[in-house]
Amino acid sequence: MKLELLMWVVKFFVKYFRSIFMSRVGQSIINIPSGVEVKKVDNKFLVKGSKGELSAPLDEIVDVIINEKEIKVELKDKNAKNKALWGTTRALINNAVQGVSVGFEKEMEIVGVGYRGALQGKKLTLNLGLSHPVEIDVPDYITIKMDGNTKFTISSPDKQKLGAFAAMVRSKRPPEPFKGKGIRYSNEFILRKEGKKK
C-alpha cells in the first residue's frame, strides 16, 4: 500500500512539474542581430540577412511578437500538444535568424587509403574505392570549402537542408566499423569492431 501511494505521489509530481517547465525553449527570447530584417506575412515568418533569405512556418496556436531587437513567441492555448509545437516553432524561427546572420556548417572527413575528394565549380567528386568516382552536384544554397583532399566543410544558411545534404554525402560511403574507412562527420564517434583472428 505504501509503495503504491509513493508511486502515485511520484507520478503526480512528475506530471505537475512537467506541465510547469515544459518547453523552456518556447519561452526563450530570440535576439535579432544587427543587419537582420524580420517580418510576419500570413502564416510565415520571413527573415532576411547577409547570408540570404529564409522563412519559417507559423502555427495558429502561437503569437509571434516582434520588438525592436527581439522576438518573443507566446502560446495561446497551453495544453501538452500545443506546448510541443510552441518549442518547435520557436526553434525554427531561431534557426532562420541564425542562418541568415552567421549560417551553419558541418565539418567532414574522408578516411581510407586512396580515398579523397575534389571540388570543381559546383561539383564534388569523391574517390571512395569504388569502380568509378562519385560525382555530386552542389545546390546553390550549399557552399563547400576543401581543406586538402580529405577534409571539407559544408555550410549553408538553412540548417535543415544542410543536414540533409551532409547526410546524403555521408551515405555514399558510410564509415565501416573495422578500419573506420568512409566519410564521417569530424566529431563523429565510430564504434569499432575487432576483426577476425587467424
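Residues numbered from 1 in each chain as written. Predicted model: local features only at pLDDT ≥ 70, side-chain atom pairs only at ≥ 80, totals over all residues. Heavy atoms only, no water.

K.L.:
Would you mind going over the environment of E194 with me for this structure?
P.N.:
Mapped onto the elements of the fold, E194 is located in the segment after β13 (182-185). Sequence separation between E194 and K179 is 15 residues; the distance between their C-alpha atoms is 9.1 Å. (Helix = DSSP H or I, 4+ residues; strand = E, 2+ residues; numbered from the N terminus.)

K.L.:
Please explain unusual backbone geometry as it appears in this structure.
P.N.:
The backbone phi angle of D42 is positive, close to 55 degrees, even though this residue is not glycine. Along the chain, D42 turns up in the loop between β2 (37-41) and β3 (44-49).

K.L.:
How should I be thinking about the pattern of salt bridges in this particular structure?
P.N.:
Oppositely charged side chains may form a pair once their charged atoms are brought near each other. Under the criterion given, the structure shown has three salt bridges. Between K72 and E74 there is a salt bridge, and its shortest N-O distance comes to 3.8 Å. Residue classification places E74 among the partly exposed residues on the basis of a relative accessible area of 31%. Between E135 and K123 there is a salt bridge; the shortest N-O distance is 3.8 Å. (Salt bridge = Lys/Arg side-chain N within 4 Å of Asp/Glu carboxyl O. Buried < 20%, exposed > 50% of the residue type's maximum accessible area, 1.4 Å probe, protein only.)

K.L.:
Can you walk me through the side chain of D158 in this structure?
P.N.:
Among the structural elements, D158 can be located in the loop between β12 (151-156) and α4 (159-171). Notably, D158 is buried but unbridged: the nearest opposite-charge side chain belongs to K161, and the N-O separation is 4.3 Å. Here Q160 takes part through its backbone nitrogen, which lies 3.1 Å from a polar atom of the side chain of D158. From its side chain, D158 meets the backbone nitrogen of K161 in a polar contact 3.2 Å long. (Lys, Arg positive; Asp, Glu negative; His and termini not counted. Polar contact = N/O pair within 3.5 Å; in protein donor to acceptor, adjacent residues only side chain to side chain.)

K.L.:
I'm lost on helix α3 (residues 80-101) in this one. Help?
P.N.:
Since there are 3.6 residues in each turn of an α-helix, residues three or four apart along the chain are aligned in direction. Look at α3: 32 Å from first C-alpha to last across 22 residues, which is about the 32 Å you get at 1.5 Å a residue. Positive backbone phi, approximately 80 degrees, marks G103, located one or two places after α3. (Expected span 1.5 Å × (residues − 1).)

K.L.:
What's the story with the environment of V25 in this structure? I'm lost.
P.N.:
Along the polypeptide, V25 turns up in helix α2 (residues 24-27). For V25, a relative accessible area of 42% corresponds to the partly exposed category. For the pair V25 and R90, spaced 65 residues apart in the sequence, the C-alpha separation amounts to 7.0 Å. Not counting chain neighbours up to four residues away, the residues in contact with V25 comprise G87 and R90. (Contact = heavy atoms within 4.5 Å.)

K.L.:
Looking at this model, I keep getting lost on the sheet that holds strand β7 (residues 104-111). Mind explaining?
P.N.:
Strands in a sheet are paired, the pairing made by backbone hydrogen bonds, and the direction either parallel or antiparallel. Taken in spatial order, the four strands make up an open sheet running β11-β12-β7-β13, and their pairing is antiparallel. With partners counted over all chains shown, the strands left at the sheet margins are β11 (143-147) and β13, one partner each. Put simply, the sheet's adjacent strands are angled 25 degrees from each other on average, direction ignored. Judged from the four bridges that link them, β7 and β13 form a sheet pairing that is antiparallel. Across the sheet, I110 pairs through a bridge with I183, a residue of β13. Running over the sheet, α4 touches β7, β11, β12 and β13 and is turned about 5 degrees from β7. (Pairing = 2+ DSSP bridges. Axes fitted to C-alpha atoms, helices over the stretch in contact; angles between N-to-C directions.)

K.L.:
Before we go on, may I ask you to explain the side chain of R90 in this structure?
P.N.:
Along the chain, R90 falls in helix α3. In this structure R90 is buried but unpaired, with E70 as the nearest side chain of opposite charge at 10 Å. Non-local contacts of R90, meaning those with residues more than four positions away in its chain, are made with V25, G26, S28, I29, I30 and V73.

K.L.:
Is there a simple way to think about the sheet that holds strand β5 (residues 62-66) in this case?
P.N.:
A sheet is described by the order of its strands in space; here three strands give the open sequence β1-β6-β5, paired in antiparallel fashion. Only two strands of the sheet have a single neighbouring strand rather than two, namely β1 (30-31) and β5. Of the pairings in the sheet, the one linking β1 to strand β6 (residues 70-75) comprises two bridges and is antiparallel in character. The residue of β6 that forms the bridge with I30 is I71. Where α3 meets the sheet, it contacts β1, β5 and β6, and its direction lies at approximately 165 degrees from that of β6.

K.L.:
Explain α4 here, please?
P.N.:
Look at α4: 18 Å from first C-alpha to last across 13 residues, which is about the 18 Å you get at 1.5 Å a residue. For α4, every residue scored as buried is listed here: L162, F165, A166 and V169. Axial view of α4: buried residues confined to an arc of 100 degrees, hence all on one face. Lining the buried residues of α4 we find β7, β9 (123-127), β10 (134-137), β11, β12 and β13. Where α4 begins, one side-chain oxygen reaches toward the backbone nitrogen of Q160, 3.1 Å away; that side chain belongs to D158. (Arc of directions from axis to C-beta.)

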